[in-house]
Amino acid sequence: MSTDDQELTQYFLTKRLMNAHQGGKWEFPGGKVEKDESVAQALARELKEEVNIDVLTCLPLTTIKHIYVEKNGEDKNVCLDVFIVDNFIGEPSAQEGQEEGLVFS
Ligand SMILES: Nc1nc2c([nH]c(=O)n2[C@@H]2O[C@H](COP(=O)(O)OP(=O)(O)OP(=O)(O)O)[C@@H](O)[C@H]2O)c(=O)[nH]1
């Protein structure tokens, strides 16, 4: 997610909980799409749950496919739909005990 602040863009990141897949790594908040849910609906639901904002508008940015090789040797395929949330209500704050941080560019 990003917000324009004068000339700087701020990116809100959270650190994955240690017991989650890829625990301890920084992420863009989000999560898995559930059955009978669109990607945009999943985005809004996850951002409400994880960082307590209400998404008003978002734009698809890119899709990333990646294969993680797990400790047990199995592959885990992820397909990440990345969105820019350009309009939202609320001040993002981590709701699940995750560390949070802002990156500026
Ligand atoms: N949210 C998020 N997930 C990412 C990123 N990069 C990345 O590889 N992933 C992977 O995408 C998957 C997202 O699933 P998740 O565990 O966050 O989903 P969730 O909140 O629905 O969790 P749950 O399955 O425990 O209910 C994980 O395998 C995670 O490692 C990222 O920047 N943000």
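Because the structure is a prediction, the values reported are computed rather than measured. (Residues numbered from 1 in each chain as written. Predicted model: local features only at pLDDT ≥ 70, side-chain atom pairs only at ≥ 80, totals over all residues. Heavy atoms only, no water.)

Q: I'd like to hear about the pairing of strand β4 (residues 54-69), residue by residue, with values.
A: Where β4 lies against strand β5 (residues 75-89), 14 bridges are found, and the strand directions are antiparallel. Counted as the bridge partner of Cys-58 is Val-85 from β5. Hairpin connection from β4 to β5: 5 residues lie between these consecutive antiparallel strands, with Gly-73 at a positive phi of about 90°. (Pairing = 2+ DSSP bridges. Helix = DSSP H or I, 4+ residues; strand = E, 2+ residues; numbered from the N terminus.)

Q: Would you mind going over the nonpolar core in detail, with residue names and values included?
A: Listed in full, the 8 residues of the largest apolar core are Phe-12, Leu-43, Leu-47, Val-51, Ile-53, Phe-83, Val-85 and Phe-88. Elements with a minimum of two residues in this core: α1 (39-51) and β5. (Core = buried A, V, L, I, M, F, W, Y, C linked by side-chain atoms within 4.5 Å. Buried < 20%, exposed > 50% of the residue type's maximum accessible area, 1.4 Å probe, protein only.)

Q: Which residues make up the site of the ligand, and what values go with them?
A: Near the ligand lie 14 residues; those nearest to it are Arg-16, His-21, Phe-28, Lys-32 and Tyr-68. At 3.0 Å, a side-chain N or O of Glu-27 approaches a nitrogen atom of the ligand. A distance of 2.4 Å separates an oxygen atom of the ligand from a polar side-chain atom of Tyr-68. In this structure, the ligand is accommodated by the largest pocket. Where the shell around the ligand is concerned, the elements lending two or more residues are α1 and β5. Among the elements that take part in the shell around the ligand, β5 stands out by supplying 3 residues, more than any other. Class assignment of the residues belonging to the shell around the ligand gives a composition of 4 nonpolar, 4 polar and 6 charged. (Near = heavy atom within 4 Å. Polar contact = N/O pair within 3.5 Å; in protein donor to acceptor, adjacent residues only side chain to side chain. 1 Å grid on protein atoms, 1.4 Å probe; cavity = no way out; pocket = protein on both sides within 12 Å on 5 of 7 lines; lining within 4 Å. Sits in = over half its atoms within 2 Å of the grid points. Nonpolar A, V, L, I, M, F, W, Y, C, P; charged D, E, K, R; others polar.)

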